[in-house]
Amino acid sequence: MSVIHYKSTVFLLWCLVACIASAEGILEQPSSIGDGFTAEEVEIITLTNKERARNGLHPLKINRILTRAARKHSTKMARYQHLSHIIKGKSFLHRLQKVGYPFVKAGENIARSKRSLPHIISMWMKSPGHRQNILNPHFKEIGIGISRTSSGDQYVTQVFAAQKQEIPMIK
């Protein structure tokens, strides 16, 4: 007969939940760069969720698939030094389909700036379209990507989405 201590049980349950969330590609909030996110990405997500909280909205969960799409787009914008939702004829909806994200609703914010990340969030909140994406109550998840050029321009992409949900069969 083995005895499992309470603290060990709690830790094992936490590990199980973390593994399941990681396997699904979803994190409630990246806590550090140890989660595979840069300090800047964590900062943008935190600032975005603070704006949502100020407006009575739930925080967005970080999704690794959305982050992959956002990072690739920021990298391409920096490479071409071109701020656009469409690069080489491909929109963000095409990018989401390509990475296999099953979205029912999606949006994208992009920025190019040499200024601070809080400044970028502030500018997005002053822009009706960007603000609408940040405060959209239907969005549940977010992906973030930041890329820099040698001249110091940073290209930032936020991808917001809600996944299609399986509809249970009624027997």
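Look above for the structure.
Predicted, not measured: the structure shown is a model, and the values here were computed from it.

K.L.:
Would you mind showing me how to read the packing of helix α2 (residues 39-54) against helix α5 (residues 117-126) here?
P.N.:
Packed helices, taken two at a time, are described by the angle between their axes plus the distance between the axes. In contact at an axis separation of 10 Å, α2 and α5 are set at 35° when each is read in the N-to-C sense. You can see that α2 and α5 cross each other, and the crossing is right-handed. Residues Glu40, Glu43, Ile44, Leu47, Thr48 and Glu51 of α2 form the contact with α5, whose own contacting residues are Leu117, Pro118, Ile121 and Met125. Partitioned by chemical class, the residues of the contact of α2 with α5 number six nonpolar, one polar and three charged.

K.L.:
How should the packing of helix α3 (residues 64-80) against helix α4 (residues 92-99) be read in this particular structure?
P.N.:
Two elements in contact, α3 and α4, have axes whose closest approach is 10 Å; the angle formed by their N-to-C orientations is 130°. As judged from the angle between their axes, α3 and α4 are oblique. Both α3 and α4 take part in a crossing whose hand is right-handed. Across from Ile65, Leu66, Arg68, Ala69 and His73 in α3, the residues of α4 making contact are Arg95, Leu96 and Val99. Its residues assigned to classes, the contact of α3 with α4 comprises five nonpolar, one polar and two charged.

Rules used in this analysis
- Residues numbered from 1 in each chain as written.
- Predicted model: local features only at pLDDT ≥ 70, side-chain atom pairs only at ≥ 80, totals over all residues.
- Heavy atoms only, no water.
- Axes fitted to C-alpha atoms, helices over the stretch in contact; angles between N-to-C directions.
- Helix = DSSP H or I, 4+ residues; strand = E, 2+ residues; numbered from the N terminus.
- Left-handed = near helix turned anticlockwise from the far one by under 90°.
- Contact = heavy atoms within 4.5 Å.
- Nonpolar A, V, L, I, M, F, W, Y, C, P; charged D, E, K, R; others polar.
- Parallel < 35°, antiparallel > 145°, perpendicular 65-115°, else oblique.

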